[in-house]
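What follows is the residue order along each chain.
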Amino acid sequence: MKIAVVGTGYVGLVTGTCFAETGNTVTCIDIDDKKIEKLNGGTITIYEPGLEKIFLRNQREGRLKFTTSLAEGITEAKIIFLALPTPPGGDGSADLKYILGVADELGKLLNDYKVIADKSTVPVGTAEKVKAAIEKNYKGEFDVVSNPEFLREGVAVDDFMRPDRVIIGTESEKAKRLMGDLYAPFVRQGNPVIFMDERSAELTKYAANSFLATKISFMNEIARICELSGADVDMVRKGIGSDERIGKRFLFPGIGYGGSCFPKDVQALVKTSEDIHYNFKILKAVMNVNHDQKTVLVSRIKKYFNNKLEGKKIAIWGLAFKPNTDDIREAPALDIINELKKEGAVIVAFDPEAMNNVRAIKEMETILVDNQYNALKDCDALVIATEWGEFRTPDFEKMTGLMKSKVIFDGRNVFDLGQMKELGFYYESIGRKTIVPNSE
Ligand SMILES: NC(=O)c1ccc[n+]([C@@H]2O[C@H](COP(=O)([O-])OP(=O)(O)OC[C@H]3O[C@@H](n4cnc5c(N)ncnc54)[C@H](O)[C@@H]3O)[C@@H](O)[C@H]2O)c1
């Protein structure tokens, strides 16, 4: 099938490449001409494990093309996916200007039946708005389908190729058939394609992300209770996770959720609720807990140094909002760095993949070093902000030789408490006992 994907960011590039991988001919469109030039030159624009290999193969075999021209990109497409940004507007609601702007242009370009499938995360009722925007200029037949995307950055290719489920919101039989055919190779193991109406599909995405964010904030509060009561969150996590109704996944406490999705989607659902005169109390609490959690380590660091952070050298391991991605949108590490800098601390930071994105932020340029150990030279403390695999079993001897003080604030619980005690580190993590050297 011939496919177009409008918006070639994290979702668009993975979507386009994975559809090409199952034999479709895909044209990805973006307004960013530098991005398109790079992609056309065979350079991948995001870090996503496993993506580069299939991107290069499908490009070489002529199934994956890139253009800045919407008109050229959609001419032959049967299905046009919208993978455009939906950032928070001033009032917290999802800003639909990119989606509706493209819908408006599509209305001027369509000349035969096509499905417009919305992959962006959009509030309930957006499919109708997209339809209306197209209909302003195009009177022929077309369908607008809600097809929310559930991929996780870091494992996006796997998630896309083997989705837990595919949600398709449409009541058009013609669109159902086309979308069903397109997704058939991805659900051969029997994972469901769930057809529903557009509004339910749109809300499913927000409900999923909000539920997951709730799980995280809940565990972060349990972690606080553990700290105050002397319990160990790892034990509690294992204890509750073995109950099938709760499940083992997504129960890890940390320094708050970040990224381009959870914060904006939770906020947008709260706003949608307000618009229909409903006060979504749980989600408001989820947002508050997350706000506090993002800088929980800062208060602990301040306390450790008796509020005297001026001139203290703090090393930061991890800048991406989670491991295996270069994405730093809403990353807790950046909040921590900003707060520590305000207190006069000197920051030295390293991340395996996110450095280029951090370098693009002017005031962050100077803090970066090229490997995790160089960050530790003469530091007064280390903060672990992202649980990259390589931080889990470092060379502790080398660390000890480099650090001025053996002090670690671990926002991701990557080290074992017994090991920290044995090695003589001062070690604070989340929801677990603080290890103080030479104490019982
Ligand atoms: N990133 C994720 O993990 C993820 C997962 C599921 C859903 N989503 C949703 O998918 C949507 C896209 O997210 P993303 O992370 O891929 O965003 P992104 O910012 O990485 O990519 C968006 C792309 O759209 C391009 N663009 C903007 N206006 C355009 C226009 N008029 N024409 C063509 N291209 C245009 C931008 O240049 C950019 O390359 C959002 O609604 C997001 O909530 C994201």
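By volume, the second largest pocket is sized at about 280 Å³. Every residue lining the second largest pocket is counted, 15 residues in all, and those nearest its centre are Glu227, Arg300, Lys303, Glu428 and Thr434. Elements represented by at least two residues in the lining of the second largest pocket include exactly helix H9 (198-229), helix H13 (296-304) and strand S13 (426-428). Considering each element in turn, the lining of the second largest pocket owes the most residues, five residues, to H13.

It is at 10 Å that the axes of helix H11 (residues 262-275) and helix H12 (residues 281-293) come closest, and there the two elements cross at 150°. In this structure, H11 meets H12 at a crossing whose hand is left-handed. Touching Val266, Gln267, Leu269, Val270 and Glu274 of H11 are Leu283, Lys284 and Met287, all from H12. Residue composition of the contact of H11 with H12, by class: five nonpolar, one polar and two charged.

Here we take up the packing of aromatic side chains. Overall, the coordinates contain 20 aromatic pairs when judged by the stated rule. Ring centres 5.6 Å apart and planes at 85° place the aromatic pair Phe19 and Phe186 in the edge-to-face group. You can see Phe19 sitting in helix H1 (residues 10-21) and its partner Phe186 sitting in the loop between helix H8 (173-183) and strand S8 (193-196), a full 167 residues away along the chain. For the pair shown, Phe19 and Phe186 are each scored as buried. Relative to Phe280, the ring of Tyr278 lies with its centre 6.2 Å away and its plane at 75°, an arrangement referred to as edge-to-face. Under the relative-accessibility criterion, Tyr278 is labelled partly exposed at 48%.

Okay, the nonpolar core next. Ranked by internal contacts, the top residues of the largest apolar core, which has 63 residues, are Ile314, Ile316, Leu340 and Ile408. The element that contributes the greatest number of residues to this core is helix H14 (residues 332-342), accounting for five residues. Dropping the residues within four chain positions of it, Ile314 is found in contact with Ile301, Phe305, Leu340, Ala345, Val346, Ile347, Val348, Ala381 and Val383. Counting residues in each nonpolar core, the second largest holds 39 residues, with Ala83, Leu151, Val157 and Met179 among its members.

A sheet is described by the order of its strands in space; here five strands give the open sequence S10-S9-S11-S12-S13, paired in parallel fashion. Each end of this open sheet is capped by a strand with a single partner; those strands are strand S10 (346-350) and S13. When the angles between neighbouring strand axes are averaged without regard to direction, this sheet yields 20°. Looking at chain direction, strand S12 (residues 407-410) and S13 are connected through three bridges and run parallel.

In the vicinity of the ligand lie 26 residues, with Asp30, Lys35, Thr86, Glu153 and Lys264 positioned nearest. Between the ligand and Ile31 there is a distance of 3.4 Å, counted from a nitrogen atom to a backbone nitrogen or oxygen. In the environment of the ligand, an oxygen atom lies 2.6 Å from a nitrogen or oxygen atom belonging to the side chain of Lys35. In isolation the ligand exposes 830 Å². Once the protein is present, 89% of that is buried. Residues that form the shell around the ligand fall into these classes: eleven nonpolar, seven polar and eight charged.

This paragraph deals with the pairing of S12. Residues Val407 and Phe409 point to one face of S12 and Ile408 and Asp410 to the other, with burial holding for every one of them. When strand S11 (residues 381-384) meets S12, the two strands line up parallel, connected through three bridges. Of the residues in S12, the one forming a bridge with Val383 is Phe409. What joins S11 to S12 is helix H16 (residues 396-402), and the crossover it makes is right-handed. For the crossover from S12 across helix H17 (residues 417-423) to S13, the handedness is right-handed.

Cut-offs applied
- Residues numbered from 1 in each chain as written.
- Predicted model: local features only at pLDDT ≥ 70, side-chain atom pairs only at ≥ 80, totals over all residues.
- Heavy atoms only, no water.
- 1 Å grid on protein atoms, 1.4 Å probe; cavity = no way out; pocket = protein on both sides within 12 Å on 5 of 7 lines; lining within 4 Å.
- Points joined across faces, edges and corners; volume = space filled by probe spheres on them.
- Helix = DSSP H or I, 4+ residues; strand = E, 2+ residues; numbered from the N terminus.
- Axes fitted to C-alpha atoms, helices over the stretch in contact; angles between N-to-C directions.
- Left-handed = near helix turned anticlockwise from the far one by under 90°.
- Contact = heavy atoms within 4.5 Å.
- Nonpolar A, V, L, I, M, F, W, Y, C, P; charged D, E, K, R; others polar.
- Phe/Tyr/Trp six-rings, centres within 6.5 Å; stacked < 30°, edge-to-face > 60°.
- Buried < 20%, exposed > 50% of the residue type's maximum accessible area, 1.4 Å probe, protein only.
- Core = buried A, V, L, I, M, F, W, Y, C linked by side-chain atoms within 4.5 Å.
- Pairing = 2+ DSSP bridges.
- Near = heavy atom within 4 Å.
- Polar contact = N/O pair within 3.5 Å; in protein donor to acceptor, adjacent residues only side chain to side chain.
- Areas by Shrake-Rupley, 256 points an atom, 1.4 Å probe, with all protein chains shown as cover.
- Right-handed = clockwise from strand over helix to strand, strands pointing away.

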